[in-house]
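Below are the chains, spelled out letter by letter.
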Amino acid sequence: MGAPGSDPGGQALAAAFALLMSARTVGEVSAPRACHTRARSRSIREKVFFETGQATIKAQSFDLLTQIADVLKAHLEIRHLLIEGHTDSAGEARVNRALSLKRAQSVRDFLIKQDVAQSRLEARGIGPDRPFDDNTTAAGRENNRRVEFLIVAPDAENPVVP
């Protein structure tokens, strides 16, 4: 699989959701870079694009987010989706945390407009605090600017591991 967001047809997203839905426990999930696990949660990471320095979702991400909404509407057993916004380390951490929260909220709002129940969605801004890649290169910073979708297990008290 290529860089995050390099799957315009959505096959990786569909495959990742299918993998997550079929796994009985988090430990069983062994998936490509678009999908990863953390303590008592299951997640999907695909690229959502925003206007630079803003929380406005670019049109090129509408298909991906619509697919996610469709999967959530078809799988009511996914009762809690955590949407995390992440940034690179350029700029002030406080500003990046605020921007990442606004971006996660924009994604949540998009899903709500697609008829996903608000009660199933939670948005968090992580900012630069959990980098996925190295912030010393342009490619690494690009990978760190992301939104992660975590399908939280019903029994997970605190699915996020700092």
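On a predicted model such as this, the values are computed, not experimentally measured, just so you know.

**Q** Which residues make up the overall build of the protein, and what are the values?
**A** A tally of helices and strands in the protein yields four helices and five strands. When the helices and strands of the protein are placed in sequence order, the string is α-β-β-α-β-α-β-α-β. Relative to its full complement of 162 residues, the protein shows a buried share of 44%. Looking at the protein alone, contacts between residues at least 24 apart form 69% of all its contacts between residues at least 6 apart. When the accessible surface of the protein is split by element, carbon and sulfur atoms take 51% of a total near 8200 Å².

**Q** Describe the nonpolar core, listing the residues and the values that go with them.
**A** Counting residues in hydrophobic clusters, the biggest one holds 21 residues, and the most contacted among them are Val48, Leu81, Ile83, Val107, Leu111 and Phe149. Going through the elements one at a time, helix 2 (62-74), strand 3 (81-86), helix 3 (93-113), strand 4 (121-127) and strand 5 (146-152) are the ones with two or more residues in this core. Element by element, the count of residues in this core is highest for helix 2, at five residues. Not counting residues up to four positions away in its chain, the partners in contact with isoleucine 83 are Ala104, Val107, Arg108, Leu111, Leu121, Glu122, Ala123, Arg124, Val147, Glu148 and Phe149.

**Q** Quick one: what's the story with helix 2, residue by residue and with numbers?
**A** Under the 1.5 Å per step criterion, the end-to-end length of helix 2 is 18 Å for 13 residues, consistent within 8% with the ideal 18 Å. Listing the buried residues of helix 2 in full gives Leu64, Leu65, Ile68, Ala69 and Leu72. Down the axis, helix 2 shows its buried residues gathered within 140° of arc, on one side only. The exposed residues of helix 2 that point more than 90 degrees off its buried face are Asp63 and Ala74.

**Q** Please give an account of the confidence of the model for the protein that cites residues and values.
**A** Looking at the protein as a whole, its pLDDT mean stands at 77, while 66% of the residues score no less than 70. Per-residue pLDDT, averaged within each element of the protein, yields its smallest value for strand 1 (residues 35-38) (42) and its largest for helix 3 (97). Considering only residues more than four positions removed or in separate chains, one finds that residues 1-10, a stretch of pLDDT under 50, has 12 contacts. Note on residues 158-162: pLDDT is under 50 here. Beyond four places in sequence and across chains, it has 16 contacts.

**Q** Residues and numbers for the pairing of strand 3, please.
**A** Side-chain direction in a regular strand flips from residue to residue, so the side chains alternate between the two faces of the sheet. For strand 3, a buried count of six out of six residues is recorded, marking the element as mostly surrounded by other parts of the structure. Of the two faces of strand 3, the one carrying Leu81, Ile83 and Gly85 and the one carrying Leu82, Glu84 and His86 are both buried. When strand 3 meets strand 4, the two strands line up parallel, connected through six bridges. The residue of strand 4 that forms the bridge with leucine 82 is glutamate 122. Where strand 3 and strand 5 come together, six bridges link them in antiparallel fashion. When the bridges of strand 5 are listed, glycine 85 appears paired with valine 147.

**Q** I'd like a description of the layout of surface pockets, backed by residues and values.
**A** Here the largest pocket is characterised by a volume of approximately 370 Å³. In terms of lining, the largest pocket is formed by 21 residues, of which the most central are Phe50, Thr52, Gly53, Arg103 and Arg145. Breaking the lining of the largest pocket down by element, the ones donating at least two residues are strand 3, helix 3 and strand 5. Of all the elements, helix 3 adds the most residues to the lining of the largest pocket, at five residues.

**Q** I'd like a rundown of the environment of alanine 117, residues and numbers included.
**A** For alanine 117, the position within the fold is in the loop between helix 3 and strand 4. With 41 residues separating them along the chain, alanine 117 and leucine 76 place their C-alpha atoms 9.9 Å apart.

Definitions and cut-offs
Residues numbered from 1 in each chain as written. Predicted model: local features only at pLDDT ≥ 70, side-chain atom pairs only at ≥ 80, totals over all residues. Heavy atoms only, no water. Helix = DSSP H or I, 4+ residues; strand = E, 2+ residues; numbered from the N terminus. Buried < 20%, exposed > 50% of the residue type's maximum accessible area, 1.4 Å probe, protein only. Contact = heavy atoms within 4.5 Å. Areas by Shrake-Rupley, 256 points an atom, 1.4 Å probe, with all protein chains shown as cover. Core = buried A, V, L, I, M, F, W, Y, C linked by side-chain atoms within 4.5 Å. Expected span 1.5 Å × (residues − 1). Arc of directions from axis to C-beta. pLDDT = per-residue confidence, 0-100. Pairing = 2+ DSSP bridges. 1 Å grid on protein atoms, 1.4 Å probe; cavity = no way out; pocket = protein on both sides within 12 Å on 5 of 7 lines; lining within 4 Å. Points joined across faces, edges and corners; volume = space filled by probe spheres on them.

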